[in-house]
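# Per-entry structural report
Now for the letters of each chain:
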Amino acid sequence: MWIPSNNKYGVAIHNWHGDVRFGLALDVGDSVDIVEECKFWYRGSCPRKSRTVGLFPKTYIHIKDLSKIDPVVAECTQVLREWSEIWKRLYVDREAYKFQTLRKVMFSILESRRELLSATMTQDQTLELQMMVVSKIDWGNRKLGLDLVPREGPLAVDPHGIGIVKLYNVHVSSADNAKASSSRGTLRRKTQRKILTHHLYFCMRDFGHRIGGDDAEVYFFLYDGSHMRPLSERFLVKISKDGFSNYIEKLHSNCTVFTDLGAADLNEDLHLVAVVMRVGKIIQSDSIKKIEKSGTFGHGPTFRRPFGVGVLSLADIAHFDSSLEQSSDEREYSFKLFQSEEKDFHLLPELIIKKSSGKYSPIQTSQGTQGIVVSLKLLHGGLGQARQEQPLLFQGSTITRKMGFPDVIMPGDVRNDLFLTLERGEFERGGKNTGKNILVTVVVLDVTGNVLTDCLWGASGMDSQPQYRSMILYHQNAPSWNEMLRLSVQIDKFATAHVRFEFRHCSTRDKTEPKLFAFSFARLMDTGGATLGDGQHELYVYKCEDPAKLQASNYLRLQCRPRDAQAKMDCGGCFSRSSKEVFVLRSLLCSTKLTQNADLLSLLQWRTYPETIQDSLTGVLRLNDEELVKFLQDVLDALFAMFSNEEGNSTQHSGLVFHVLVSIFSLLQSNKFQHFRPVMNEYIENHFAAALVYKGLITSVEHMAVFMTKAEHPDPFQKCFGSLEYIFKLLIQSRRLFARATGGQYEDSFRRDLHSLFTALNGMLAVPSYDVIIPTQEMLLNSTGVVLEQLKDTLPAPELGMLARNMLDAIPRGAPIRLIQAKLHAVKDLVSGELFHEDDSRTVVLSVACKHLRMHLSRRDELRLCAEILSEILSQLYDLQKEQRDKVTNTLQHDLDSLCKNILGILIRTISIIMEGSNAVLPQLVSCLLGLLQLLDETHYKRYWDELSPNKDPRDLKEFLSKSLLVYDELLTQDWHVFPNDWLVMKLAANDVLRMSLEEFAKPLVYRFLGPQAFDSQLWWSYFSLAVSFLTQPSLQLEQYREPKRLKILHSHGDMRVLMGFQILSMWSQLGEQKLHFIPSMVGPFLEVTLVPEPALRKATLSVFYDMMQCEQAARGSFRLVESELIDKLDLLISENKGDDEYRELFSTILLEKVQMENPNWKEAGIAFIASVTRLLERLLDYRSVMQGEENRDKRMTCTVNLLNFYKNEINRKEMYLRYIYKLHNLHLQAENYTEAGFTLKLYASMLSWDRETQSFAPFDNSGQPEWQRKERLYHEILKYFDKGKCWEKGIPLCKELAQLYETRRFDYNKLSEILIQEAKFFQNILTQLRPEPEYFRVGFYGMGLPLFVRNKQFVYRGLEYERIGAFTQRLQTEFPSAQILGNNSPPDNAILNAPDQFIQISNVRPVGDAQALKTAMVPVPEKIARFYEVNDVTRFIYDRPVYKGTVDKDNEFKSLWIERTILEIASPLPGILRWYEVKQKTMQELAPVEYACEIISNAGKELSELIVQYKRDPKRNINPFSMRLQGTIDANVMGGISKYQEAFFSEQFLKSPQGAGQQANVQRLKTLILEQIQILEQALELHGQLAPSGVQPLHNRLLERFSQLKQSLSGMGRLKRQHSESIVNTPLPPLPTEQRVAQASTSSGLGASSATHSTAHSNYVYDLDEIYTRPGDTPRPVDPLSSYQTLSKESLSIPLEEAAAPPVPNRPRSQNFVGNGAMDSPEVPPKRQPTINSPNAPPLPPRGITPDKRASNPLIFNDFGGDSVGRRHSQQQQQQHGQKYSVVDISYDDPEADQQPHSLPPSFQDGHLSVCFAPNDFRDSGISTTSSRELNHMNLNNLSEDSSSISAITVQHREHCRISSNGSLDYNASASMNITQRESSTSSFDVEDFPVPPPPIPPKSLAVSSNGVDETHSPHSTQLSYQHPNQNLNQNQNQTQNQNQNQNQNHSTNSHLHLAQQQQQQNGDGDGYSSLQHQVNGLGLGAGSGNPAAAQPAAAEAPLPAIASHSSSSGHPHDGGTF
């Protein structure tokens, strides 16, 4: 049985692996929060594992008592955990500075936490450390943007333990402290008052001087450099002979604290002075001699002699920062000593400060020392406070007092110090030539001559002495000592004590004591009791040489100084005085018991001297402050005694006495004596005894009030009314004493007098104010609160209230602002005083306060003071309510009702008004509003509702509710913007209060505004809207917080959203029939509620939608409004990042369950609606998940289209549809997809009509336009995008449509001309501009980890310009960074489809064009026009994959190699509104091996025919491409592959085998194609021989030789061919005579389009569209023979379509040279055919253009479309006769044996033929690279090493040719072309620099081919060759362009069948990567043929292969169907 635990907290003491069900793994030290427990287990969570709750054993957990944990330690723990996550994130984000700073602070907090846990510090130290720690925490929280922690002292406050108003104030102070805190833990605080007292801790650390053999004494004191006087007494540090470090007289003897420094003392002129005195013989040499002589230290008399003075400036210490909470750090200083002549020694500090360097010189220090080293630290506050804060500094340290009082005098301070300074003396020589060595001895004696002990100190740091001996100045008769002494004589002995100064001469020779020769004395007090006055005194010097005569009785009768009143005779009989001798003394009294003022003494003795009263009183008014305060009690007693006589009547001195009293009271108000207020209160309560003065005081105050306006000097009046507190205290105490003595007589008279007084005071306030009297009136108002407080026991509460009200009301309405503020301050004093704590008086005061608050709130002036008053009232009431929690008194309830009634409404109105601006007082007013709501309970609200609706009139109540809900809603919608963002604690507390308030606000809505007559829909709407705002406010979305913070909020406040959600549901259920008023307006708000990620709330609220649907269905017959509103709001809310997949599932399941359970009559519609919304949610969530990030732009496009289609097709929401059209449009513009942007806008344009004039508004555009104008504007935008995207064909229909508009409807010929010009420009661009043709890629997305909109689907992507598969794959990986790229094209199995991961499969596909626009062409269509439709407007794509069937013959794998062809159909044509579409249909077919062989041979022949046409047309073209193509065809592995075809397919065994069944027609066709190839080669060689320059003739001869061998190898095929058919129909026409051919050739270039209908011989094998060698990205196009179009070339070479297919083998007469046995040089070959222009019987083979792939090669190569490029244009246009450029597969369905085909195609394929697109470099047998150098440099060669099972068969075959051409045949041709290049550089398309090394004429033997076709020496190095292609120059001329166009032809090999087989093995694991492919390539044979080893040897003997040949073919094509 699980039992809930009460917030248990524990720590794991052992590792727990969690190896049970629901177990929570723990490590040692992990803290756990325990939720539940049973006998052996706990259930809880670990903060380290967010939101994971699990089980763990009890025995593994140590429970900690949270109550015993230091709160600061607990906070440190929590903070360190929270910061550690942020700290790691800073590291990941490379925020180095923040990372390091936070690290230091965290370690510091960790160390402080350890110290706090150690519990070894005192309370003061602990408090100080806690304050430092929380200061660092606050600093870190502020820097990291975390929440503010409200705290009082070091502890965080409990928001539930204090009122919300106080919580606000705590937040304010905490925020100030946090801003002032630093990472070091110091706190810069706002000081409410200036620190008045400071202390300086001093410690001497080192003394770097050695003073011979003598001891030394160092006197330190503070010195004021501005007045050149000492500030403190001296402090003594003794230095022994051995040095400072070896002498310790007692512990801390070198430390002191200079106390009581005021702010005025701490200035830049403050200095520390060190006076060093030598203690030894008078002459230092005597001491040294004595030591040297005796070896020991002398024991004779020693004297103090001057040595040096050092001065240290304390300006930097004096400039301390008073805002720092902590004391300043202790710092070390060092300074030097200086010396001067002895006569100037007393002036040396002044000379050093003034820098009079001519009169002093520095003293050299001991080696390596710095002079005097001291450390100083400034302390703040009173001495007691400083001791408490720094106890260790005061431990053992001496206190060095200031020479004067501190700025603040404490009542308990007792001082009785008299400071004497021995300044100087003037003495006679006494008959000697030299001056005396004068020693002054100071002694304190009483009247009898007894020495007073323990009262004389020469300096602090030394014990008191019975006498003090001064230093000696050598031979000075006028010495100046300047030594300070301190006398502290007991008070009872002070009056009779005196000080005697004895002067002695010290001889340097005498060993005896110094001899007395004179003395002086000074009395400490005169007979009147006044002490020795401060200042300088010149004392008489009396001669005396006999110490025995120095008796006090002898000299006390003498004058000690001039005007000595106590002297009894001028001179004594035994002492004589010299008029020339004088001793100057300076004294300063610092005593709290003694005074030097005679006026004060006479005042205290007024009864003795009544005649001096007037003078004494006048003198006292002029006294300084300290003197009065010293004798405060005595002075007050004397004054009150003089104030009235025994009858209580006034005396003649009463007025003056009152002024003195007021002055004293005013004095006590100052900061200096603020601590004397308790002394004064103590005096009044316990010592004051004047029972009759109250009458006089009342009269005096009244008199002052009456005569205020007549006064010339306002100061006395201001002092009087500022002192009313003490006056009334004395007045009331006097009356109390009188009443006690008389039994309460004259009470009524006293009250009348009081009322009379207040009337006078009110009159004083009512006086029109002017500058002179305003301060006095302010003084009165400032005293009002305390005055009324004093009367609370004297007058009843109602009278007090009346007095207060009358006084405050007396102030005129238009009074000056200062007076208004003073009035409000008076109100604040009243509510914060004692009157507010008493029930009776509180009610009165509250009514007064409410009256004035209402007045000022309504006027919105002095709002800050009003807020402060309200805060004070609410805080007091909250504390009272808390105290009376068990039983609240009726008085308090009444007061709360009164406050609510008077303040709540006006406060809400005020807030609503000032909320519109930025008022600084708004937060405080809001906190007051919340504080008031916090105090109200249900009964208060009920009474308030009744108050607002008298006689059941609800208008006031409605107004209040509306205004309140509006204010609350404004606060919530802005997330409590009135409070700073980091005040989360405040916001949560405010929400708690507001939620409870809303529960009460709901009651009047239900009970007063719900009935049929009283229903107020607006009020209810406001309530629902507010409740939803409450629910959805950011601060309550707990999911955004970290787990510890979330749990803490849940523990303290719970999830307030759930409570409010159920409150909303409760209110909704109350509506009943009125629900219809909120449909559909409440759909959005309720939807927001359901989107809050809290399952309980969602489940409860989702049912409301069913309720709405039911309600609307019943009322309106459908729920169309609910549906529409729900869809609208869902779109908006999901885009605001609300909702998730869980919500989608809940929405569907809960509503479906509800509908099915209730089974309403609209069930079917409801289910359909729910399904529709669920689909919308799915799309919206998909869209939301990809809203951010550049890498998600394509996903955003997909999701946008999904939504766009949903809104159009499923729910027909035009405005939503348009909104997403523009979103998609903007995305396309960002990606520069201009064509797609145009198509997207076309969706919108298609919705508009030319005929409508109605206003049309576009999303995000509020300016309306007539519909036709909007459409016109859109068309122009679309045209601009189509122009940018080079999609001019799509823009032309729009131009036509606009032209028709302008011409036939609008008759705007200006615009018509413009649009026609644009249309013409589009037509021109089609023919002249370069347009890169895109590649297409099939992409399969597999795995459950992918988003729903792509999961387990296939798409066809249209690549970017010049984008190959490598770049495309990289782009897709950026978009799906977690996806794995599948390495093959095999269909994925279920394991991949259902895996939680992401997989992507990518391959090239070839478009299948279907150009409907060209089907009506009656002439051949120019290539530029036709090419567009081959790769655009396509919906079908194909790709191939090799498949082996049957037994694989390792020697000849072509027998069993089939091609699996996949046909994909997508949803919409590309390009469209997206660059990709989903595959909707997928079909597959197979090609037999022999069919595929036919395709390869046919394509090779056609490409060669094209070259023949090009070179005949332009003989001056660079011969290199032609030579290399011939070499690759004749002397390459293509012909070597023919032997394999013969072996595989031309045997009877094959025809009889299962593979050959039904393939007879294809076999015959293959033979015919081979023979045609021979015929074409003959023509090509003949032309090559005519064009080849001498340098290429050796190569030509070699080609002739190899061609002869080739014909011999095929000589036996003639018989087979003849046996096929005897039909004349199938026999081709004979060739024209040679002369005709020449004539026709000569005219071929000029006939243009006139021969568009001519055909060629063997037209049954040269197909109508001849889509051969198409590239991936080119569109293969099935052709309808009846409707196909023809491409037009300059030479008008075309192939007409034929209805009937001819048989594959012609039956015709043999030529003369035919020999049947094959012994002749060649087999039977059809006669050579020259393309003839005008002959209808012998049309030429279709010459193929060599238009290069614009994406594969350098685009600059193709940029010349000028008129000079006739040949090239010819080739390009001729090429278009057959649709495609470079087709690998060409399957004719016009074959006479088509009925024997074993495979079928879709219907659209049946009437034409299928052309397979291929890569741009598929010039299979040319040996020429179609790849530019830049392409090769960037080519992804990794494609060569991929697992290629998914590569289409044609693609692999193409790659095979690329690799084959890397062998010898291509090498040889490259060599030849190199020679031509060197000779004819002006016309060559290759530059000499294109080759790394000039090639020799013969290829190396290393390229020789072995008998089995594998070049074993070359194959391991094939990869090396593939990296040697040179960079080509981008800026090439036209000839270079043509040459490079020719160079695009590639080596073509029938042996690629073998390579496909080997690749298939590789896919199955029989080979790895690139090296295996290279072996296969080499194995196909490079040379005369892989089947003829002998033929390979001559090739091996030829010139070395240039690197370009090998590279251009072996580099591969990363785009041809390969998989990355």
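Residues numbered from 1 in each chain as written. Predicted model: local features only at pLDDT ≥ 70, side-chain atom pairs only at ≥ 80, totals over all residues. Heavy atoms only, no water.

## Quick notes on the overall build of the protein chain
Inclusion rule: Counting from the N terminus, the helices are DSSP H or I runs at least four residues long and the strands are E runs at least two residues long. The classification of residues rests on relative accessible area computed with a 1.4 Å probe and restricted to protein chains. Under 20% of the type maximum is buried, over 50% is exposed, and intermediate values are partly exposed. A contact between two residues is defined here by any heavy atoms of the two lying within 4.5 Å.
Within the protein chain, the regular secondary structure consists of 67 helices and 41 strands. Taking all 2020 residues of the protein chain together, 58% fall into the buried category. Put simply, 77% of the contacts in the protein chain that link residues at least 6 apart link residues at least 24 apart.

## Details of the nonpolar core
What tends to happen in soluble globular proteins is that the nonpolar side chains get buried as a cluster. We count it as follows: What is meant by a nonpolar core is a set of buried Ala, Val, Leu, Ile, Met, Phe, Trp, Tyr and Cys residues, joined one to another through side-chain atoms within 4.5 Å.
Ranked by internal contacts, the top residues of the largest apolar core, which has 311 residues, are Trp1020 and Tyr1207. Considering every element that reaches this core, the biggest residue donor is helix H31 (residues 984-1008), with 12 residues.

## Focus on unusual backbone geometry
As a rule of thumb, non-glycine residues mostly have phi less than zero, and peptide bonds are mostly trans rather than cis. A cis amide bond, omega 10 degrees, links Ile1079 with the succeeding residue Pro1080. Relative to the elements of secondary structure, Pro1080 occurs in the loop between helix H34 (1056-1071) and helix H35 (1083-1090). Here the amide bond leading from Leu1470 into Pro1471 is cis, since omega sits at 0 degrees, within 30 degrees of zero. Residue position: Pro1471 is located in the loop between strand S37 (1457-1470) and strand S38 (1476-1487). Its identity is not glycine, yet Asn482 carries a phi of approximately 55 degrees, on the positive side. Within the secondary structure, Asn482 sits in strand S24 (residues 480-487). The exposure class assigned to Asn482 is partly exposed, which follows from its relative accessible area of 41%.

## Here we look at the sheet that holds strand S15 (residues 331-335)
To keep things clear, this is the line we draw: By definition, two strands form a pair when at least two bridges between them are found by DSSP. Interaxial angle, 0 to 180 degrees, is taken between N-to-C directions of lines fitted to C-alpha atoms, where a helix line uses only the stretch in contact.
Overall, mixed pairing links the 5 strands, which are arranged S15-S18-S8-S12-S19 in an open sheet. Here the strands that pair on one side only, and so sit at the sheet edges, are S15 and strand S19 (398-400). Averaged over all pairs of adjacent strands, the angle between their axes in this sheet comes to 30 degrees, without regard to strand direction. Strand direction decides the pairing type here: strand S8 (residues 197-207) and strand S12 (residues 255-262), joined by 6 bridges, are antiparallel. By the bridge assignment, Cys203 is partnered in S12 with Cys255.

## Notes on the packing of aromatic side chains
Applied cut-off: Each aromatic pair joins two rings of Phe, Tyr and Trp (for Trp, the six-membered one) with centres within 6.5 Å, and gets the label stacked for planes under 30 degrees apart, edge-to-face for over 60, and tilted for any other angle. Note on geometry: a ring has a charge over it if NZ (lysine) or CZ (arginine) is within 6 Å of the ring centre and within 35 degrees of the ring normal.
Inspection of the entire model under this criterion finds 60 aromatic pairs. Ring geometry for Phe1015 and Phe1078: centres 6.0 Å apart, planes at 80 degrees, overall edge-to-face. Note that Phe1015 is positioned in the loop between H31 and helix H32 (1017-1032) and Phe1078 in the loop between H34 and H35, a separation of 63 residues in sequence. Accessibility classification places Phe1015 together with Phe1078 in one group, the buried group. Aromatic side chains Phe1341 and Phe1376 sit 5.1 Å apart centroid to centroid with 50 degrees between the ring planes, which places their arrangement in the tilted category. Of the two residues, Phe1341 is situated in strand S31 (residues 1336-1342) and Phe1376 in the loop between helix H46 (1365-1375) and strand S33 (1380-1381); the sequence distance between them amounts to 35 residues. The exposure class assigned to Phe1376 is buried, which follows from its relative accessible area of 2%. A cation over an aromatic ring shows up here: Lys1567 above the ring of Phe1546, its NZ or CZ 5.2 Å from the ring centre.

## Details of the environment of Arg151
Examined against the element boundaries, Arg151 turns out to sit in strand S6 (residues 151-152). Sequence separation between Arg151 and His171 is 20 residues; the distance between their C-alpha atoms is 7.6 Å. With sequence-adjacent residues up to four places away left out, Arg151 is seen in contact with Glu75, Val134, Ile137, Asp138, Ala156, Val157, Val170 and Ser174.

## Side note on the sheet that holds S24
Ordered by their spatial adjacency, 9 strands build an open sheet running S22-S24-S20-S28-S27-S26-S25-S21-S23, and the pairing between neighbours is antiparallel. Each edge of the open sheet carries a strand with a single partner, namely strand S22 (456-457) and strand S23 (467-469). Here strand S21 (residues 438-445) pairs with S23 via 3 bridges, running antiparallel. Residue Val443 lies in a different strand from S23, and its bridge partner there is Gln467.

## Some points on the packing of helix H4 (residues 164-180) against helix H28 (residues 922-935)
Defined as follows: Our angle categories are set so that under 35 degrees counts as roughly parallel, over 145 as roughly antiparallel, 65 to 115 as roughly perpendicular, and the remainder as oblique. When residues are grouped by polarity, Ala, Val, Leu, Ile, Met, Phe, Trp, Tyr, Cys and Pro land in nonpolar, Asp, Glu, Lys and Arg in charged, and all others, Gly among them, in polar.
Remark: H4 packs on H28, axes separated minimally by 8 Å, with the N-to-C direction vectors making an angle of 150 degrees. Our classification of the angle between H4 and H28 gives roughly antiparallel. In this structure, H4 contributes Ile164, Val165 and Tyr168 to the contact, and H28 contributes Pro923, Gln924, Ser927, Cys928, Leu930, Gly931 and Gln934. A class-by-class count of the residues in the contact of H4 with H28 yields 6 nonpolar, 4 polar and no charged.

## Observations regarding the confidence of the model for the protein chain
Threshold: The pLDDT value expresses, per residue, how confident the predictor is, ranging between 0 and 100.
Overall, the prediction assigns the protein chain a mean pLDDT of 75, with 75% of residues at 70 or greater. Low pLDDT, under 50, characterises residues 189-193; the stretch is placed with 9 contacts to residues that sit more than four places away or in other chains. Here residues 1632-2020 is modelled with pLDDT under 50, and outside its nearest four sequence neighbours on either side it reaches 1199 contacts, counting other chains as well.

## Quick word on the environment of Met1082
On the secondary structure map, Met1082 appears in the loop between H34 and H35. For Met1082, a relative accessible area of 0% puts it in the buried group.

## Observations concerning the packing of H35 against helix H37 (residues 1120-1135)
Relative orientation and spacing of two packed helices are given, respectively, by the angle between their axes and the distance between those axes. We apply this condition: By convention the crossing between two helices is left-handed if the near helix lies anticlockwise of the far one by an angle smaller than a right angle, and right-handed if it lies clockwise.
Running from N to C, H35 and H37 point in directions that differ by 50 degrees, and their axes come no closer than 9 Å. Accordingly, the angle class assigned to the pair H35 and H37 is oblique. The chirality of how H35 crosses H37 is right-handed. On H37, the residues touching Val1083, Gly1084, Leu1087 and Glu1088 of H35 are Val1122, Glu1125, Leu1126, Lys1129, Leu1130 and Leu1133. Tallied by class, residues from the contact of H35 with H37 come to 6 nonpolar, 1 polar and 3 charged.

## Section: the pattern of salt bridges
Cut-off, in case you're wondering: Salt bridges are defined as contacts in which a side-chain nitrogen from Lys or Arg sits within 4 Å of a carboxyl oxygen from Asp or Glu.
All told, the structure shown has 79 salt bridges when counted by the stated rule. Where Arg1008 meets Asp946, a salt bridge forms, and the shortest distance between an N and an O atom there is 2.9 Å. You can see Arg1008 sitting in helix H31 and its partner Asp946 sitting in helix H29 (residues 938-948), a full 62 residues away along the chain. We classify Arg1008 as partly exposed; its relative accessible area is 28%. We note a salt bridge from Arg1305 to Asp1251, for which the minimum N-O separation is 2.6 Å. Placement of Arg1305 in helix H44 (residues 1288-1305) and of Asp1251 in the loop between helix H42 (1234-1245) and strand S29 (1255-1256) is noted, with a sequence separation of 54 residues between them. You can call Arg1305 partly exposed: its relative accessible area is 45%. Here the salt bridges do not stand alone but share partners, grouping Glu217, Arg234, Arg304 and Glu483 into one network.

## Side note on the pairing of strand S4 (residues 53-57)
In terms of burial, S4 is a largely internal element, 4 of the 5 residues being buried. Two strands pair when backbone bridges link them, and strand S3 (residues 41-45) and S4 are joined in this way by 5 bridges, in the antiparallel orientation. What sits directly across from Gly44, in S4, is Gly54.

## Things to note about helix H45 (residues 1309-1328)
Filter applied, for reference: Expected span of a helix: the number of residues minus one, times 1.5 Å. Picture the helix axis, draw a direction to every C-beta atom, and the arc is the one those directions span.
With 20 residues, H45 ought to run about 28 Å at 1.5 Å a step, and its terminal C-alpha atoms sit 28 Å apart, in line with that. Listed as buried for H45 are Leu1312, Ile1315, Glu1319, Phe1322, Asn1325 and Ile1326. Down the axis, H45 shows its buried residues gathered within 145 degrees of arc, on one side only. Facing away from the buried surface of H45 by more than 90 degrees, the exposed residues are Tyr1309, Asn1310, Glu1314 and Ile1317. Where H45 is buried, its residues contact helix H43 (1267-1284), H44 and helix H48 (1423-1431).

## Focus on the environment of Phe1282
Position of Phe1282 among the secondary structure elements: in helix H43. Looking at Phe1282, the relative accessible area reads 0%, which means it is buried. Taking C-alpha positions, Phe1282 is 9.6 Å from Ile1292, a pair spaced 10 residues apart along the chain. Leaving out residues up to four positions away in the same chain, Phe1282 has contacts with Thr1235, Gly1238, Phe1239, Cys1287, Trp1288, Lys1290, Gly1291 and Leu1294.

## Looking at helix H24 (residues 817-832)
Here H24 contains 16 residues, and its C-alpha end-to-end distance of 22 Å stays within 8% of the 22 Å for a straight helix at 1.5 Å per residue. Buried within H24 we find Leu819, Ile820, Ala822, Lys823, Leu824, Ala826, Val827, Leu830 and Val831. Among the structural elements, helix H22 (774-790), helix H23 (797-809), helix H25 (839-859) and helix H26 (863-883) are those in contact with the buried residues of H24.

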